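Survey of secondary and tertiary structure
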Amino acid sequence: MSDRKKLLEWAIRWILGLVFIIAGVPKIIDPAGFAVAVDNYRLLPYFIVVVMALVLPWLEVFIGLALISGRLWRGGALLTIGLYGVFIIAIGSAMMRGLDIDCGCFSTGEHDANFRRIIEDVILMAGALWIYRRGLQKNNENRPVPAD
Amino acid sequence: MGKYWINAKIMRESLVLVVLAVIVAAAFQLFRPNSELLSFDRPQITFAADSLLTAPLPAISIDDSSAFGQAVAIGEPIVITIEQMQYLLETDAAIALDARSPQEFAAGHLPGARNLPLEELYEHEETIQKWSKNKWLATYCDGPPCDQGEVLAWELTGRGFDRVAIFAPGTMGWQAAGLPLQKGERVHE
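A brief look at the structure comes next.

Parameters and conventions
- The residue numbers shown here count from 1 along each chain, following its written sequence.
- The naming scheme follows written order: chains are lettered A onward, ligands numbered 1 onward.
- Two thresholds apply to this predicted model, a pLDDT of at least 70 for residue-level local features and 80 or more for giving and counting side-chain atom pairs, whereas whole-chain, interface and lining totals are computed over all residues.
- Note: side-chain values were computed over all heavy atoms of the structure, leaving out hydrogens and water.
- Helix and strand assignments follow DSSP, with helices taken as H or I runs no shorter than four residues and strands as E runs no shorter than two, numbered in order from the N terminus.
- Buried means the residue's accessible area, taken with a 1.4 Å probe over protein chains only, is under 20% of the maximum for its type, while exposed means over 50%, and partly exposed covers the values in between.
- Polar contact is the term for a pair of N or O atoms within 3.5 Å; when the atoms are in protein, one must be able to donate a hydrogen and the other to accept it, and sequence-neighboring residues count only if both atoms are side-chain atoms.
- We call two residues in contact when some of their heavy atoms are within 4.5 Å.
- Here the buried area means the combined drop in accessible surface, using a 1.4 Å probe, for two parts upon being joined, counting both sides.
- One speaks of a salt bridge when a side-chain nitrogen belonging to Lys or Arg is within 4 Å of a carboxyl oxygen belonging to Asp or Glu.
- Polar here means any residue other than Ala, Val, Leu, Ile, Met, Phe, Trp, Tyr, Cys and Pro, which are nonpolar, and Asp, Glu, Lys and Arg, which are charged; Gly is therefore polar.

**Overview of the side chain of H109 of chain B**
Residue and element names in this part refer to chain B.
- Checked against the element boundaries, H109 lands in the loop between helix 4 (102–107) and strand 5 (114–115).
- Look at H109 and you get buried, because its relative accessible area is 5%.
- A distance of 2.7 Å separates a polar side-chain atom of H109 from the backbone oxygen of F105.
- In this structure H109 touches D98, R100, Y140, L181, Q182, K183 and G184, once residues within four positions along its chain are discounted.

As structure tokens, then:
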């Protein structure tokens, strides 16, 4: 049972990691295109849009590498949960405002800020939450007991 | 101990990843070959000359650049202002094409505009081919930074229309200039 959970944890880390790397690399290559996608949400000032367009793709790649390699992966899982929370809110708000835009999730140019993307993000976020909880339990178990 | 959802070690790990991303992103932008630094100001739009709208056909090449840094020549869409759009609509010299979704169109569109969402482009090929090539096709969406109007304009240019204009200020610019939007579902096919 424990082995099965271990395997599942490993599989989720690899899936999340690969999704992040696949999502991040095209945006690193075309930051201007990604900036347009972020700007289209009309949620942030342009200055912050540009900062996000430059930094977020690298963050995605580093989170992906952390999850796959197992180094800093708990921190990566925490950031994954936070990022998917932000993505879900952003896409949801675009849908509520009737915006027909590119979600900026993977390659740019598709008008796909839609319900399907939200479902995908919720599933991935649930996976991240599960591995994070497991990581947290292990982390707490390994912690030395305070002297008092 | 298990009740805590976060601890200092995990916070530190997250911070390391964020700092790493910021450093590498900055270094990559500054040092990668052939890179154009992204501007922190929204790109400005260059509009077409008024004379272009009244000419029988667009000039072969005008000394101007479009919003996208390319020379404006035959077979390329031009970018027009609010006044130019008004002029085209008042003189019945243009068909206004709203490239946004039907819901957005219903919430408010330019007077007399037709709705042609990009996704539906291929469903309306026959109708599009029936449009007069003597009229301007003026495409638009919300206004910067949306790009549906621009993409639609290039699609129409590719279908052999010479007189294609991108109304860059879009519905938001139109409204901001105190001009009325029409509400209601589209009635055309």
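Picking up where we left off.
**Considering the environment of D39 of chain A**
- Residue placement: D39 of chain A occurs in helix 2 (residues 31–39).
- Taking the relative accessible area as the measure of exposure, D39 of chain A reaches 5% and is therefore buried.
- Other than its neighbours up to four places away in sequence, D39 of chain A contacts Y46 and V49 of chain A together with R42 and P145 of chain B.

**A closer look at the interface of chain A and chain B**
- With 36 residues of chain A at the interface, the matching set in chain B holds 40 residues.
- Counting the surface lost from both chain A and chain B, the interface buries some 3500 Å², and carbon and sulfur atoms represent 67% of this.
- Taken together, chain A and chain B are joined by one salt bridge.
- Of the charged contacts in the structure, one is a salt bridge between D142 of chain B and R42 of chain A, with a shortest N-O distance of 3.6 Å.
- Here chain A is connected to chain B by five residue pairs in polar contact (both at pLDDT 80 or more).
- Sorting the residues of the side of chain A that touches chain B by element identifies helix 1 (2–29), helix 2, helix 3 (46–69), helix 4 (73–96) and helix 5 (115–142) of chain A as the ones contributing at least two each.
- By residue number, the principal contributor to the side of chain A that touches chain B is helix 3 of chain A, which donates 10 residues.
- Split into classes, the residues belonging to the side of chain A that touches chain B amount to 23 nonpolar, seven polar and six charged.

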